[in-house]
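# Chain and residue survey
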Amino acid sequence: VELKLVQTPLLVQTQNVDAVIFITWGDGRFPGMISEPLVSVLSAPVASTALLGRLGHPQSPADLMRFPLIHQRDTLGWNAWFMQAGVRLDGPLPGPVIEDTNVVLQAAASGQGIVMGWIPLIDTDLQSGVLVQLFDTTVSENRAYYLVRPESGPNEGVTNAISDWLLAQTSPATAA
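What this report covers is the structure whose coordinates are included nearby. (Residues numbered from 1 in each chain as written. Predicted model: local features only at pLDDT ≥ 70, side-chain atom pairs only at ≥ 80, totals over all residues. Heavy atoms only, no water.)

## Regarding the overall build of the protein
Scanning the protein from N- to C-terminus turns up six helices and seven strands. Beginning at the N terminus, the succession of helices and strands in the protein can be written as β-β-α-β-α-β-α-β-α-β-β-α-α. For the protein, buried positions account for 34% of its 176 residues. Within the protein, contacts between residues separated by at least 24 positions form 75% of all contacts whose residues are at least 6 apart in sequence. Split by element, the accessible area of the protein, about 10,200 Å² in all, is 55% carbon and sulfur. (Helix = DSSP H or I, 4+ residues; strand = E, 2+ residues; numbered from the N terminus. Buried < 20%, exposed > 50% of the residue type's maximum accessible area, 1.4 Å probe, protein only. Contact = heavy atoms within 4.5 Å. Areas by Shrake-Rupley, 256 points an atom, 1.4 Å probe, with all protein chains shown as cover.)

## What about the pairing of strand 1 (residues 22-26)?
Within strand 1, four of the five residues are buried, which leaves the element mostly enclosed by the surrounding structure. With five bridges connecting them, strand 1 and strand 7 (residues 139-150) associate as antiparallel partners. For Phe22, the partnering residue across the bridge sits in strand 7 and is Val148. (Pairing = 2+ DSSP bridges.)

## Observations concerning the pairing of strand 7
In the sheet, strand 2 (residues 33-47) pairs with strand 7 via nine bridges, with the strands oriented antiparallel. By the bridge assignment, Leu42 is partnered in strand 7 with Ser140.

## Structural notes on the pattern of salt bridges
One pass over the full model with this rule turns up four salt bridges. The partner of Asp27 in a salt bridge is Arg29, with the nearest N and O atoms 2.4 Å apart. According to the relative accessible area criterion, Arg29 is exposed, its value standing at 65%. Glu36 serves as the salt-bridge partner of Arg149, at 2.6 Å between the closest nitrogen and oxygen. Of this pair, Arg149 sits in strand 7 while Glu36 sits in strand 2, and the two are 113 residues apart along the sequence. (Salt bridge = Lys/Arg side-chain N within 4 Å of Asp/Glu carboxyl O.)

## Points about helix 3 (residues 101-109)
For helix 3, every residue scored as buried is listed here: Val104, Leu105, Ala107 and Ala108. Along the long axis of helix 3, the arc covered by the buried residues comes to 155 degrees, so they all point the same way. In this structure, helix 3 carries Asn102 and Gln106 as exposed residues pointing more than 90 degrees from its buried face. Packing partners of the buried residues in helix 3 comprise strand 3 (71-72), strand 4 (97-98) and strand 5 (115-119). Between the side-chain oxygen at the start of helix 3 and the backbone nitrogen of Asn102 there is a gap of 2.7 Å, and the oxygen is on Asp100. Just past helix 3, the residue Gly111 takes up positive phi, approximately 85 degrees. (Arc of directions from axis to C-beta. Polar contact = N/O pair within 3.5 Å; in protein donor to acceptor, adjacent residues only side chain to side chain.)

Pasting the structure below:
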């Protein structure tokens, strides 16, 4: 099996993918393909202890409006979280929008701002203390990482075996 890893910050269109099976971020709607969720995420505001030491710890969700916010890909995650936390927004949220997840997390870890952290993808950073979850309120992204493959085709046995293995690796029973 030839393995090719390609990272792109863009939402993938299946007609533009040169692979039999692939993993992508999205809503699970990939016409003509089978898509199965691999990793679902919850979002919560996270920051570094350095930033909190410099600016203080927000006491309420509304306090976050006085902190530098950093957005990943768009402001949808923050908007949804503020709504879930009961904070009314009066306009667009300030702060830079960064496409790359790694750059967003590095910005948070280095104390540049507060980001919406994707749980469980940041569990290691939370456990090590690199990042601190600021509030218990979480919000579902309504998006996930999906395993996408054709409904049928050549090498279907190999494709199904790889897919089954990937799904087993990310199942809650395996992760526990």
